[in-house]
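# Structure assessment
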Amino acid sequence: MWLGKGGWLQVREYDRQLAQQREANAKLKARNDALDADVRDLKTGSEAIEERARGELGMIKHDEVLFQLQTNGPTTKGAAPPAKSTR
């Protein structure tokens, strides 16, 4: 009953595997729901398409000006690195 086929140890292992599978299924369901919402947005309206075109492809409307700001510091070739303090 404890160690044999169908015993408590095997039942406990199956319960553990079942819990892991349910957790994986919940993550996949959340991902699928998000993808489904994206598909519905893309099918029904142009706002989602415009947002993707702007964000992923860098597209802009006619007569718009795009400014891209870099926040990682100087990127000019040959620029001296910032001085280090010796204190």
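The preceding data block contains the structure.
Residues numbered from 1 in each chain as written. Predicted model: local features only at pLDDT ≥ 70, side-chain atom pairs only at ≥ 80, totals over all residues. Heavy atoms only, no water.

## Thoughts on the overall build of the protein
When its secondary structure is counted, the protein shows two helices and zero strands. Looking at the protein residue by residue over its 87 residues, the buried ones come to 3%. In the structure as shown, the protein presents an accessible area of about 8900 Å², 56% of it carried by carbon and sulfur atoms. (Helix = DSSP H or I, 4+ residues; strand = E, 2+ residues; numbered from the N terminus. Buried < 20%, exposed > 50% of the residue type's maximum accessible area, 1.4 Å probe, protein only. Areas by Shrake-Rupley, 256 points an atom, 1.4 Å probe, with all protein chains shown as cover.)

## Things to note about the environment of Leu66
Here Leu66 is to be found in the segment after helix H2 (46-57). Not counting residues within four places of it along the chain, the set of residues in contact with Leu66 comprises Gly58 and Ile60. (Contact = heavy atoms within 4.5 Å.)

## Thoughts on H2
For H2, spanning twelve residues, the distance from its first C-alpha to its last is 15 Å, which sits close to the expected 16 Å at 1.5 Å a residue. The positive-phi residue at the C-terminal boundary of H2 is Gly58, with phi of around 70 degrees. (Expected span 1.5 Å × (residues − 1).)

## What to know about the pattern of salt bridges
All chains considered together, the criterion is met by eight salt bridges. Note that Glu23 is salt-bridged to Lys27, the shortest N-O span being 3.7 Å. Of the two residues, Glu23 and Lys27 are both situated in helix H1 (residues 8-44); the distance of four residues between them amounts to about one turn of the helix. Considered together, Glu23 and Lys27 belong to a single accessibility category, that of exposed residues. Residue Arg52 pairs with Asp38 through a salt bridge whose shortest N-O separation is 3.3 Å. Of this pair, Arg52 sits in helix H2 while Asp38 sits in helix H1, placing them 14 residues apart in sequence. The class for Arg52 is partly exposed, based on a relative accessible area of 36%. The network of salt bridges with common partners includes Glu50, Arg54, Lys61 and Glu64. (Salt bridge = Lys/Arg side-chain N within 4 Å of Asp/Glu carboxyl O.)

## Brief notes about unusual backbone geometry
Located in the positive-phi region is Asp63, a residue other than glycine, with phi close to 70 degrees. With respect to the secondary-structure elements, Asp63 resides in the segment after H2. Given a relative accessible area of 68%, Asp63 falls into the exposed group.

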